[in-house]
Amino acid sequence: MPQEQTLSLIKPSSVTANQIGGIINKFEEGGLKVVAAKMVRLTENQAKDFYGVHQGKPFFGELISFMTKGPILAQVLEGENAIQKNREIMGATNPAEAAPGTIRAEFAHSMTENAVHGSDAPETAEKEIAFFFDKKDIYGTI
Ligand code: IDP
Ligand code: MG
């Protein structure tokens, strides 16, 4: 399995609820390493750009309003098969369907406020990492 990097966002509801530590613990226990991190508050335009693939869907407005209502913690996670592994550690998009022990099963507040974002493929990971981080600010091994 290849070493990979993926983008993770801890969403505003979980930053507000003081759950950053519990969520990062899940990544670390799952074998992923935080190799870059910063707290940012997205503007409306930035959120629309980041979630552009969902433009036009019924939940888009609510998603943008939620993602801009407070700061998020953006991180680059590195590890073997990191993109897929992060998706497993996160759990299903709908927290009601998330497997026991996953981040979304334990920390999500609702379908929209579902604790975390994670890239879903190598192409999106590269694009999403570049959205938040300069290469020089990533302390990984690849
Ligand atoms: P993902 O975050 O598991 O990759 P996506 O389908 O890419 O899921 O959706 C992006 C985000 O949009 C979700 O994490 C969630 O916050 C929100 N979302 C997706 N589908 C719905 C929905 O049906 N109702 C409300 N919010 C949704
Ligand atoms: Mg997605």
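This text goes with the structure placed above it.
Just so it is clear, the structure is predicted and the values come from calculations on it, not from any experiment. (Residues numbered from 1 in each chain as written. Chains lettered and ligands numbered in written order. Predicted model: local features only at pLDDT ≥ 70, side-chain atom pairs only at ≥ 80, totals over all residues. Heavy atoms only, no water.)

Glancing now at the overall build of the protein. If you tally the helices and strands in the protein, you get 7 helices and 4 strands. Referenced to the eigenvectors of the C-alpha coordinate spread, the extents of the protein come out at roughly 40 × 35 × 25 Å. Sorting the 142 residues of the protein into buried and exposed places 46% on the buried side. When contacts within the protein are restricted to residue pairs at least 6 apart in sequence, those whose partners lie at least 24 apart make up 79%. As displayed, the protein has an accessible area near 7,400 Å², and 50% of this comes from carbon and sulfur atoms. Side-chain charges in the protein split into 14 positive and 18 negative, and the spacing between the mean points of these groups amounts to 4 Å. (Helix = DSSP H or I, 4+ residues; strand = E, 2+ residues; numbered from the N terminus. Buried < 20%, exposed > 50% of the residue type's maximum accessible area, 1.4 Å probe, protein only. Contact = heavy atoms within 4.5 Å. Areas by Shrake-Rupley, 256 points an atom, 1.4 Å probe, with all protein chains shown as cover. Lys, Arg positive; Asp, Glu negative; His and termini not counted. Charge placed at Lys NZ, Arg CZ, Asp CG, Glu CD.)

Contacts to ligand 1 come from Lys-11, Tyr-51, His-54, Phe-59, Leu-63, Arg-87, Thr-93, Arg-104, Met-111, Thr-112 and Asn-114. Within the side chain of His-54, an N or O atom sits 2.9 Å from an oxygen atom of ligand 1. Thr-93 is positioned with one of its side-chain polar atoms (N or O) 2.5 Å from an oxygen atom of ligand 1. Protein chains bury 78% of the 530 Å² of accessible surface belonging to ligand 1 in isolation. Looking at side-chain class alone, the shell around ligand 1 contains 4 nonpolar, 4 polar and 3 charged residues. (Near = heavy atom within 4 Å. Polar contact = N/O pair within 3.5 Å; in protein donor to acceptor, adjacent residues only side chain to side chain. Nonpolar A, V, L, I, M, F, W, Y, C, P; charged D, E, K, R; others polar.)

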